[in-house]
Amino acid sequence: MFNPENLIRKGLPKGYFKDILVRSLLGGITYLMVLIAVLLFGKIIIDGAPAIFTSEFPFVDTEFLTAKNETLHVFDDAKGTRHQLPASKYNEYIEAHAGQQIYNEQTFSYSGGGIAGPIIGTALLTCGSIILALFFGVCAAIYLAEYAKQSPFIHAVRLAILNLAGIPSIVFGLFGFSVFVLAAPVITANPVDRSLLVLPLFIEGWALSFQGWNSSLMAGCATLACMILPVVITASEESLRAVPQGFRDASLAMGGTRWQTIRKCVLPFSLPGILTSSLLAITRVAGETAPIMFTAAVAAKDDFPWEGLANPFDILSSQVQALPYHIYTLAARIPSSEYTQRAQFGSVLVFLILVAMLSFGSMVLRAKMRKKLKW
Amino acid sequence: MNATNNSMQESPEKTAASTPQAGGNCAVQIQNLSFSYGSSEALKNITLDLDRNAVTAFIGPSGCGKSTLLRCINRMNDEIIGARVTAGKIIVEDIEIHDPSVDVVKLRRDVGMVFQKSNPFPRSIFENVAFGLRMRGIRNKAVLEQSVEESLRAAALWDEVKDRLNESALGLSGGQQQRLCIARTIAVKPLVVLMDEPCSALDPIATAKVEELIWSLKKDYTFVVVTHNMHQASRVSDKTAFFYMGEMIEFGETTKMFTNPTVKRTEDYISGRFG
């Protein structure tokens, strides 16, 4: 006998509880990770905020962002008031209060003053490496996408480049150290003794010496550029391939050479894509510690990179401070205490804000470009 | 054909042999041409003479080789890996174009091409038409402006776009875009204009305009039109070649081809019995 109620079965379906269990397990794991992220960022923001935000206008502690990094001196004066002064102000205080006794003096390296040096160093490293990586990366991408025949050899080359992206950054650091710091060629009048090879040049007294660039901004930029080259090449090649074949055909059919076609009909339309994809590489460059540890970064530096230089190009061969390395130094090299927290968490917060701004900027740019470039 | 048009013939070793009318009434001579993509043969022993200042239509079912032949005439097939001419030759204005001494860039300046899908650059209308001239190193603004106006007038597009030359070419309708591509091609004054199904993406009115355009331009240029549309071939061409499976089945006056074809298969195709 036909019973319509049999069509829609009543009661719980088979496997109902198992389904709920799986669902809550997967959801729980997801939200656990979100919770960890929230805790992490919360901790950094809560502890770091006092270092860079103030209650008065302009609500940002400009000194922390613009002052040089110094040693922090903590001491009590004769009245029992506790002072926290960076080295320069401490010296002024001592001079001003000559003859007065101070008590309980403690010093904390790198914890006083601001972090202008690391911010500037990171900016210089990032700019330099992005310029290098874009130049070499776009050249390689143009060759791979436009000129090279799609043979098995080219596929192997492409695969090799992709694999380069998976190499740990510390390996790049060591590579940069052994190649750029110790072996890269320089033109100099007096080669050092450890130079690997000295080739005399035609100009009297000058020689091409493979003695390396020492630990310098130049070596750091080159190392970082090597690290992000695979990302830039891959992104650029994809952007080049995204340009419709019709543009190339039209240009070639009008009697354009291969290079004219690329320069006028392919590059202009792929450049926005190349640039936005490369912005993601910027965040990676800005954040890496390992590649610059041996090649460019120093923990402490009294001058800004451009100070005390004979000519402006010497900035390339000067060492710099860098934010990620500064954070590493603050975290690993000095004992943590209530007086170092401002510098530690402040630096991390500033760093996070910078990286977040870059990421957000690249996302907005990308969205805008996608809207604009339609054919 | 004036001398300035023949940039391809400026190469010194060729100049002596070539006078513009040397090829008789033929702009393009295709002699015993065979062509392969890798191992598959796309064209078999094609011999065909294309009249100067006339429209020749290539018809035939898909994959019959008509587009391949068209792309051979300005060596666009060079871009395809593994594609090569296996036998025979193509002579454009007395120059064998597959000869190693021929510069393919110069060849393409004399043999322009309009593609199936209209492909204006995402630049202004002016820049689209001036593109070929700029590539040739012409920077003089007055010369460019004059040339752009001439080309747009010739392409019957001037009145529609003269007030918005600096707007993006992508704002034009499909038919206008295709006429812009034609204007862009004739702006560099080629000898031969190859058209690969120029109207397949256009509505009947836009198609009619492009066809009118071909008729009106034929006094200055030699046209080769590949088309799937038999009516278009009958409307627009002086001579028609019918291809099937990489072979040329029949070639002759369009009026004769469409009224009284000599080969049975041509008749079958034209009357719609297959294809």
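Residues numbered from 1 in each chain as written. Chains lettered and ligands numbered in written order. Predicted model: local features only at pLDDT ≥ 70, side-chain atom pairs only at ≥ 80, totals over all residues.

Q: How should I be thinking about the overall build of chain B in this particular structure?
A: Check the secondary structure of chain B and you find 11 helices and 10 strands. For chain B, the spread of C-alpha atoms along the principal axes amounts to about 55 × 45 × 35 Å. In chain B, which comprises 275 residues, the share counted as buried stands at 46%. A separation of at least 24 residues holds for 70% of the contacts in chain B among residues at least 6 apart in sequence. (Helix = DSSP H or I, 4+ residues; strand = E, 2+ residues; numbered from the N terminus. Buried ≥ 20, exposed ≤ 12 C-beta atoms within 10 Å, placed from the backbone. Contact = placed C-beta atoms within 7 Å.)

Q: Explanation requested: the overall build of chain A in the structure shown.
A: Tallying secondary structure elements over chain A gives 12 helices and six strands in all. Rg of the C-alpha trace for chain A: 28 Å, well past the compact-globule value of 21 Å for 375 residues, more than 25% over. Each of the three principal axes of chain A carries a C-alpha extent, and together these read 105 × 85 × 40 Å. Taken across its 375 residues, chain A has 33% of its residues classed as buried. When contacts within chain A are restricted to residue pairs at least 6 apart in sequence, those whose partners lie at least 24 apart make up 77%. (Rg over C-alpha atoms; globule rule 2.2 N^0.38 Å.)

Q: I keep staring at helix α1 (residues 16-52) of chain A and nothing clicks. Help me out?
A: An α-helix turns once per 3.6 residues; consequently, residues spaced three or four apart project the same way. Taking 1.5 Å as the rise per residue, α1(A) with 37 residues should run 54 Å; its terminal C-alpha atoms sit 52 Å apart, in good agreement. Among all positions in α1(A), only Gly48(A), Ala51(A) and Ile52(A) are buried. (Expected span 1.5 Å × (residues − 1).)

Q: What am I meant to see in the domain arrangement of chain A here?
A: Residues and elements named next belong to chain A. In terms of domains, chain A is made up of domain 1 (4-52), domain 2 (69-113) and domain 3 (116-184 + 214-372). Summarising the inter-unit geometry, the C-alpha centres of domain 1 and domain 3 are found 37 Å apart. Contact residues are listed per partner, giving eight residues for domain 1 and eight residues for domain 3. The residue inventory of the side of domain 1 that touches domain 3, partitioned by class, reads six nonpolar, one polar and one charged. (Domains from an automatic or database assignment. Nonpolar A, V, L, I, M, F, W, Y, C, P; charged D, E, K, R; others polar.)

Q: For this particular structure, what's the right way to read the sheet that holds strand β1 (residues 69-76) of chain A?
A: Two strands in a sheet stick together by hydrogen bonds in their backbones, pointing the same way (parallel) or opposite ways (antiparallel). Residue and element names in this part refer to chain A. In spatial order, the strands read β2-β1-β3; together these three strands make up an open sheet with antiparallel pairing. Lying at the two open borders of the sheet, with one neighbouring strand each, are β2 (82-86) and β3 (103-113). Each strand axis lies, on average, 20° off the axis of its neighbour in the sheet, ignoring direction. Sheet topology note: the β1/β2 ladder contains five bridges and is antiparallel. In the sheet register, leucine 72 faces β2, and the bridge partner there is proline 86. Sheet strands in contact with helix α3 (residues 87-96) are β1, β2 and β3, and its direction is about 120° off that of β2. (Pairing = 2+ DSSP bridges. Axes fitted to C-alpha atoms, helices over the stretch in contact; angles between N-to-C directions.)

Q: In this structure, what is going on with the interface of chain A and chain B? I would like to understand it.
A: Interfaces are often sized by the accessible area lost when the parts come together. At the junction of the two partners, chain A supplies 18 residues and chain B supplies 21 residues. At six residues, helix α8 (residues 245-253) of chain A tops the list of elements feeding residues into the side of chain A that touches chain B.

Q: Teacher, can you tell me more about the nonpolar core here?
A: As a rule of thumb, nonpolar side chains are buried together in soluble globular proteins. Membership of the largest hydrophobic core comes to 146 residues, with the highest contact counts inside it found for Ile228(A), Ile73(B), Val192(B) and Val224(B). Broken down by element, the residue count for this core peaks at 16 residues, all from helix α7 (residues 217-242) of chain A. Those residues within four positions of Ile228(A) in sequence are excluded, and the remaining contacts are Ser129(A), Ala133(A), Ala281(A), Arg284(A) and Val285(A). (Core = buried A, V, L, I, M, F, W, Y, C linked by C-beta atoms within 7 Å.)

Q: Please clarify how the pairing of β1(A) should be interpreted in this entry.
A: In regular strands, side chains alternate between the two faces of the sheet. Residue and element names in this part refer to chain A. Across six bridges, the pairing between β1 and β3 is antiparallel. Bridge pairing links aspartate 76 to tyrosine 103 in β3. Connecting the antiparallel pair β1 and β2 is a turn made up of five residues, with glycine 80 showing a positive phi of about 90°.

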